[in-house]
Amino acid sequence: MATSSFLDRLGIDLPIIQAPMAGVATPQLAAAVCNAGGLGSLGIGPSPVDQARQMIEQTRALTDRPFNINLFCHAPAQPDAAREAAWLQHLAPLFAEVGVPVPASIQAGYPSFIEDDQIFDMLLATRPAVVSFHFGLPSAERIQALQQAGICLLATATNLTEARQIEQAGLDGIVAQGFEAGGHRGMFDPTAEDEQLSTAVLVRLLVQQVSLPVISAGGIMDGQGIRAALDLGAAAAQLGTAFILCPESSANDAYRQALQSERAATTRMTASLSGRPARGMLNRFIAHADAPGSPAPADYPIAYDAAKQLHAAASQQGNHAFAAQWAGQGAPLARALPAAELVQQLVKEWRGA
Ligand SMILES: Cc1cc2nc3c(=O)[nH]c(=O)nc-3n(C[C@H](O)[C@H](O)[C@H](O)COP(=O)(O)O)c2cc1C
């Protein structure tokens, strides 16, 4: 019952959400999931406003169903020249390996939604059916304005405290993101002690102790996983890694190959690629940057600039050893199917399980 009224609120038929994945989810991917009866999502956290608007328009051209637009609500980056210099010095052997100089400086490549008026105005003008927040919440004024525009609002929680803040802020649902999940961990304060709750424990905690519908995220790769999430009381399941191999995603060949290799079985939670904890496939960058005795990375997303510059130089030489290849613990179960087929397969497994 709770599930069907939440799905009605979202305007979708199936309890399946394709996770917002900045840099991986495309209008084609999101629209294919929407047209198959789920909720497609686009991560516009790092996108400039014109690009974000274009992605929304492209999605609208491909589907008349509701979709979700996801934003990053991190505390604005704190530049610290000494910390950044120490971080660049730590990464110097990797730049030397690629044969390019260490950058003279690094900076945040994008602002937080909490200080981005252009994206806020664009959302009020374009009015996507669903908007979701990661890394925290925007101001009460912004939440109210988006709700008054008729937008359904979701936010990620990694523990009960964050979930209660989302409940108090009056949102419509909570994405319960377990430690298994691929990509960035949605924790509000990345310096806080992390209990590293698994998806199953977190979902049960929130279903029992918070009044909002709970969306289970982290490690769900098939219909059996969706069934288990619903049995635990979740109103829907959000899958990220499961959709990376869809031809509609923008994952490059190296990323796809890694995900289909033995490397998929070895993921790590690391803050060294971007400055915030995120789960991806272990690679040379993580092995070096997280070695014992390493300094703290530059603040998020300043550290990301260093990793992106290194990867850009290396990938020109065909070397993808420094790429951020986000993936969850369930990565070996990812399937290379067109998104509509994958959704159909998920439904078959869920109903048959
Ligand atoms: C490649 C990738 C990119 C991601 N980018 C975002 C993002 O932009 N915004 C967001 O809220 N979550 C992002 N996530 C996390 C997902 O929303 C979700 O929590 C996660 O994918 C669930 O775990 P799973 O990958 O095991 O399914 C990303 C995940 C992946 C794998």
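Residues numbered from 1 in each chain as written. Predicted model: local features only at pLDDT ≥ 70, side-chain atom pairs only at ≥ 80, totals over all residues. Heavy atoms only, no water.

Per an unreviewed UniProt entry, the protein goes by the name Nitronate monooxygenase and belongs to Pseudomonas saudimassiliensis. The UniProt entry for the protein carries the following comment under Sequence similarities (unreviewed entry): "Belongs to the nitronate monooxygenase family. NMO class I subfamily." What UniProt records for the protein under Catalytic activity (unreviewed entry) is the sentence "3 propionate 3-nitronate + 3 O2 + H2O = 3 3-oxopropanoate + 2 nitrate + nitrite + H2O2 + 3 H(+)". (UniProt positions renumbered as here; feature names shortened; annotations may be inferred.)

Participant: Break down the overall build of the protein for me, citing the residues and quoting the values.
Facilitator: Each helix and strand in the protein was counted, giving 13 helices and eleven strands. For 353 residues, the compact-globule formula gives about 20 Å, and the C-alpha radius of gyration of the protein, at 19 Å, lands near that figure. The principal-axis extent of the C-alpha atoms belonging to the protein is close to 60 × 45 × 40 Å. Residues counted as buried form 55% of the 353 residues belonging to the protein. Taking all contacts inside the protein whose residues are at least 6 apart in sequence as the whole, residues at least 24 apart take part in 67%. Within the structure as shown, the protein displays about 14200 Å² of accessible surface, and the carbon and sulfur contribution to it stands at 50%. (Helix = DSSP H or I, 4+ residues; strand = E, 2+ residues; numbered from the N terminus. Rg over C-alpha atoms; globule rule 2.2 N^0.38 Å. Buried < 20%, exposed > 50% of the residue type's maximum accessible area, 1.4 Å probe, protein only. Contact = heavy atoms within 4.5 Å. Areas by Shrake-Rupley, 256 points an atom, 1.4 Å probe, with all protein chains shown as cover.)

Participant: Before we move on, can you summarise the sheet that holds strand β2 (residues 40–43) with the specific residues and values?
Facilitator: Spatially, eight strands are ordered β1-β9-β8-β6-β5-β4-β3-β2 in an open sheet, and the strand pairing comes out parallel. Bordering the open sheet on either side are β1 (16–18) and β2, each of which pairs with just one other strand. Neighbour-to-neighbour, the strand axes of this sheet turn through a mean angle of 25°, independent of strand direction. Inspection of the sheet shows β1 paired to strand β9 (residues 236–239) by three bridges, in the parallel sense. Note on β9: the bridge partner recorded for I16 is A237. (Pairing = 2+ DSSP bridges. Axes fitted to C-alpha atoms, helices over the stretch in contact; angles between N-to-C directions.)

Participant: Lay out the nonpolar core with the relevant residues and their values.
Facilitator: By size, the foremost hydrophobic cluster in this structure holds 105 residues, and its most contacted members are F133 and F243. When residues of this core are assigned to their parent elements, the largest contribution, eight residues, is made by helix α12 (residues 302–316). Apart from residues lying up to four places away in sequence, F243 is in contact with Q18, M21, L29, V33, S249, L342, V343 and L346. By size, the runner-up hydrophobic cluster in this structure holds 14 residues, among which are L10, I17, V130 and V175. (Core = buried A, V, L, I, M, F, W, Y, C linked by side-chain atoms within 4.5 Å.)

Participant: For the site of the ligand, give the residues involved together with the corresponding values.
Facilitator: Surrounding the ligand, one finds 23 residues, the nearest of these being P20, N70, G219, G240 and T241. Contacts to the ligand include N70, whose side-chain N or O atom sits 2.7 Å from a nitrogen atom. Its free accessible area being 600 Å², the ligand has 98% of it covered by the protein chains. Listed by contribution, the elements that provide at least two residues to the shell around the ligand are β3 (67–72) and β9. Of the residues in the shell around the ligand, the class split is twelve nonpolar, eleven polar and no charged. (Near = heavy atom within 4 Å. Polar contact = N/O pair within 3.5 Å; in protein donor to acceptor, adjacent residues only side chain to side chain. Nonpolar A, V, L, I, M, F, W, Y, C, P; charged D, E, K, R; others polar.)

Participant: Can you lay out the pairing of strand β5 (residues 152–157) for me, pointing to particular residues and giving the numbers?
Facilitator: Of all six residues in β5, six are buried, a share of seventy percent or more. Here β5 shows a buried face lined by C152, L154 and T156 and a second buried face lined by L153, A155 and A157. In the sheet, strand β4 (residues 130–134) pairs with β5 via four bridges, with the strands oriented parallel. Following the sheet pairing, V131 is matched in β5 by L153. Direction of pairing for β5 relative to strand β6 (residues 173–177): parallel, over a ladder of four bridges.

Participant: Which residues make up the side chain of D116, and what are the values?
Facilitator: Relative to the helices and strands, D116 is located in the loop between α4 (81–98) and α5 (117–126). Discounting residues that sit within four places of it in the chain, D116 has contacts with P111 and R142.

Participant: Please give an account of the environment of Q144 that cites residues and values.
Facilitator: Within the element layout of this structure, Q144 appears in helix α6 (residues 140–148). The partly exposed category is assigned to Q144, whose relative accessible area is 46%. Sequence separation between Q144 and A77 is 67 residues, and the spatial gap between their C-alpha atoms is 25 Å.

Participant: Describe helix α2 (residues 27–35), naming the residues involved and giving the relevant values.
Facilitator: In terms of burial, α2 is a largely internal element, seven of the nine residues being buried. By the burial criterion, the buried members of α2 are P27, L29, A30, A31, A32, V33 and C34. Elements in contact with the buried residues of α2: β1, β2, α3 (49–62), β3 and α13 (339–352). Phi turns positive, to about 105°, at G37, one or two residues after α2.

Participant: Describe unusual backbone geometry, listing the residues and the values that go with them.
Facilitator: Note the cis peptide between Y300 and P301, where omega equals -10°. Tracing the chain through its elements places P301 in the loop between α11 (284–289) and α12. Residues other than glycine seldom take positive phi values, yet F135 does so here, at roughly 75°. Position of F135 among the secondary structure elements: in the loop between β4 and α6. For F135, a relative accessible area of 1% puts it in the buried group. The phi dihedral of Q196 falls on the positive side, at around 55°, and the residue is not glycine.

Participant: Outline the pattern of salt bridges, listing residues and values.
Facilitator: By the definition in use, this model includes seven salt bridges. For D172, the salt bridge goes to R9, with nearest N and O atoms at 3.4 Å. One end of the pair, D172, is in the loop between α7 (160–168) and β6; the other, R9, is in helix α1 (residues 2–10), with 163 residues separating them in the sequence. The salt bridge partner of R65 is D13, with a shortest N-O separation of 3.2 Å. In this pair, R65 is assigned in the loop between α3 and β3 and D13 in the loop between α1 and β1, connecting sequence segments 52 residues apart. Residue R65 is classed as partly exposed on the basis of its relative accessible area of 33%. (Salt bridge = Lys/Arg side-chain N within 4 Å of Asp/Glu carboxyl O.)

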